[in-house]
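# Summary of structural features
Below, each chain spelled out in residue letters.
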Amino acid sequence: MPRLLLLLSLALATLPGCAADTGQTALIGVSLVDLESGTVRPDQTVIFAGDSIERVGPRAELRVPRGASRVEAGGAWLIPGLWDMHTHVSMAGRGSLVGLLAHGVTAIRDMGGSPVVPAWRDSIAAGLLEGPRISTPVTIVESERWLSAVLELTRKLDTPSLVESLERRLAVATAEDAERAVDSLVALSADFLKIRNYPPREAYFALVRAAKRHGLRVEGHAPSIGFLKDASDSGFASIEHPVLASRNGTLMEGFSSLDPEARRELFAALARNGTAFDPTLVSGAARLIPDSTLERAIADSLGESEPELRHVPPELRDEWRTQLALRRGDPSQGIDWAAIHDSSLRMTGAMAAAGISIVAGTDLAIPPLVPGASLADELELLVRDAGLTPVEALRAATTNAARLAGVGERSGVIAPGRLADLVLLEADPLADVGAVRRVRMVIAAGRVYDRAALDQLLELAGR
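Overview of the structure. The structure displayed is predicted, hence computed values, not measured ones.

### Digging into the packing of aromatic side chains
For the structure on display, the rule yields eight aromatic pairs. Considering the side-chain rings of tyrosine 204 and phenylalanine 227, the 5.3 Å spacing of their centres and the 80° angle between planes classify their relative orientation as edge-to-face. With tyrosine 204 in helix 8 (residues 201-213) and phenylalanine 227 in the loop between strand 12 (217-221) and helix 9 (228-233), the pair connects residues that are 23 residues apart, well separated along the chain. Here tyrosine 204 matches phenylalanine 227 in class, with each residue buried. In this structure an aromatic cluster arises from ring pairing among Tyr198, Tyr204, Phe205, Phe227 and Phe236.

### Comments concerning the sheet that holds strand 8 (residues 133-135)
Taken together, the three strands give an open sheet; going across it, the order is 6-7-8, and neighbouring strands pair in parallel fashion. In this open sheet, the two edge strands, each paired with only one partner strand, are strand 6 (82-87) and strand 8. Each strand axis lies, on average, 20° off the axis of its neighbour in the sheet, ignoring direction. Strand direction decides the pairing type here: strand 7 (residues 105-110) and strand 8, joined by three bridges, are parallel. Counted as the bridge partner of arginine 109 is serine 135 from strand 8. The sheet contacts of helix 4 (residues 116-125) involve strand 7 and strand 8, and relative to strand 8 the element is tilted by about 140°.

### So, the pattern of salt bridges
A side chain of one charge can pair with a side chain of the opposite charge if their charged atoms are brought near each other. Counted by the stated rule, this structure contains 30 salt bridges. The salt bridge involving lysine 229 is made with aspartate 233; its shortest N-O contact spans 2.6 Å. Residue lysine 229 and its partner aspartate 233 are both found in helix 9; the two are separated by four residues, about one turn of the helix. Under the relative-accessibility criterion, lysine 229 is labelled partly exposed at 36%.

### Here we look at the environment of alanine 420
By the element assignment, alanine 420 lies in the loop between helix 17 (399-404) and strand 17 (422-425). With 191 residues separating them along the chain, alanine 420 and lysine 229 place their C-alpha atoms 37 Å apart. Setting aside chain neighbours within four positions, we find alanine 420 in contact with Phe48, Gly50, Asp51, Ser52, Ile53, Ile443, Ala444, Ala445 and Gly446.

### A closer look at empty space enclosed by the protein
One pass over the structure, following the stated rule, counts two cavities of 30 Å³ or more. Its boundaries defined by the atoms lining it, the largest cavity holds a volume of some 40 Å³. The wall of the largest cavity is formed by Pro80, Gly81, Trp83, Thr106, Ser411, Gly412, Val413, Ile414, Leu419, Asp421 and Leu422. For the lining of the largest cavity, the class distribution of residues is six nonpolar, four polar and one charged. Its volume calculated, the second largest cavity comes out at about 40 Å³.

### Notes on the environment of tyrosine 204
By relative accessible area, which is 0% here, tyrosine 204 ends up buried. Spatially, the C-alpha atom of tyrosine 204 lies 8.4 Å from that of threonine 174, the residues being 30 residues apart in sequence. For tyrosine 204, the residues in contact, after removing those within four places along its chain, are Ile195, Tyr198, Pro199, Phe227, Ala231, Ser234 and Phe236.

Basis of the calculations
- Sequence order as written defines residue numbering, which begins from 1 separately in each chain.
- In keeping with the model being predicted, local features are shown solely for residues with a pLDDT of at least 70 and side-chain atom pairs are shown and tallied solely at 80 or more, while totals for entire chains, interfaces and linings include all residues.
- For side-chain calculations, the full set of non-hydrogen atoms in the structure is used, while hydrogens and water are omitted.
- Pairs were defined over the aromatic rings of Phe, Tyr and Trp, the Trp ring being its six-membered one, requiring ring centres within 6.5 Å. Orientation was assigned from the angle between planes: stacked under 30 degrees, edge-to-face over 60, tilted for the rest.
- By definition, any uninterrupted DSSP run of H or I lasting at least four residues is a helix, any uninterrupted run of E lasting at least two residues is a strand, and each is numbered from the N terminus.
- The cut-offs for exposure are 20% and 50% of the maximum accessible area for each residue type, with area from a 1.4 Å probe on protein chains only; residues under the lower value are buried, those over the upper are exposed, and the others partly exposed.
- Think of it this way: DSSP has to see at least two bridges between two strands before they count as a pair.
- Here an angle of 0 to 180 degrees is reported between the N-to-C directions of two axes, which are lines fitted to C-alpha atoms, with helices fitted over the stretch in contact.
- Residues are treated as being in contact if the distance between any of their heavy atoms lies within 4.5 Å.
- Criterion for a salt bridge: a side-chain nitrogen of Lys or Arg within 4 Å of a carboxyl oxygen of Asp or Glu.
- Cavities and pockets were defined on a 1 Å grid built from protein atoms only: a cavity is a group of points that admits a 1.4 Å probe but offers it no way out, a pocket is an open group of points flanked by protein on both sides within 12 Å along at least five of seven lines, and a lining residue is one with an atom within 4 Å of any such point.
- Grid points are joined across faces, edges and corners, and a volume is the space filled by probe spheres set on the points.
- Each residue receives one of three labels: charged for Asp, Glu, Lys and Arg, nonpolar for Ala, Val, Leu, Ile, Met, Phe, Trp, Tyr, Cys and Pro, and polar for the others, Gly being one of them.

So, in structure tokens, the structure goes:
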């Protein structure tokens, strides 16, 4: 880690494509992608200073201030900076931060529980570390019963890092436990509360009440399908991953286990309550990749099979090896994950059609998801297989994401007063959402990275 930090510091201090952090910069002649209306406004100029956008308007009408840095865009498409709404960057390594940034991901919601992530969050916010803005729960809330059982099993294995991770989580069994857990999270400067395995009802509602008093959102894995409406009614902010249920001893996608009328009523409740859904479809698709293919991806540090694999941080490659070893001994191997994934795709499209806010996350750290590149995969799955339109998929990674993260008034839209987190693309993402792969320039907190600088970030990510 110290060597990587030194490399980052030295390289980023001399990146040829980085503009100064102060002064005004004008992006001239952009095709501005307006995700609120779903249209493109041609030949626009966007002026920003520091980390905020100052003015936006037609090039013919908007005068560029004298002394401002001028960037001629030549009609390239400008979108808000992207969010990955489900990452585990502590497992992916510090290099994943610049890897995300190099792909236009200017903000993330990290769903892990490592103490290093809040330190990275604060360093990035202070301008001391390069990377996307981070929202983090600091640590994870678990059912005390589940956590005790898993810790007992895990301590018998030779996995000290996993034991350490589990021991940091907050075990909740009673309302009193819930109050103490929320007090701890507030003291640790958590941005929200994440529940992974649900405590008893009384403890759950105590968590929600305490979180509301402190202004914390409650998010996480879905509870049982029968409790989902109650959780949503209580203010639960987002559901992570496909919802699962058991029928006659068989694990299946949860929403498809309901009859059509019950499903329609549940979707209506989720939409009415503003409960978002983060399907992480790309991690479901990754589960279907054969072990032999994953082995080749893990070993391919030169990017011979996929160029993006060259930019995988060494820590993430090690994490992939660990996960592959665990996967081989996983008793869930007999589950029909292909059927669950197919149903998840259909249900995601149906939820979007019902007015539920879809957000785009990847579950980064799952093999073989490459930081930043896997978000483009998620957006393509949302369009190609779940049936969303390109503008709906882009909203999932911008406006919807920012709103869920509680910063919708500052992020996710290109307008005066909003954050200067922007991505300049070589092609129109409303025509093909895969255009998010064709990044020409990234502006993060007002700092400009041209293509040469982004390529340097990618090289640093893989070291």
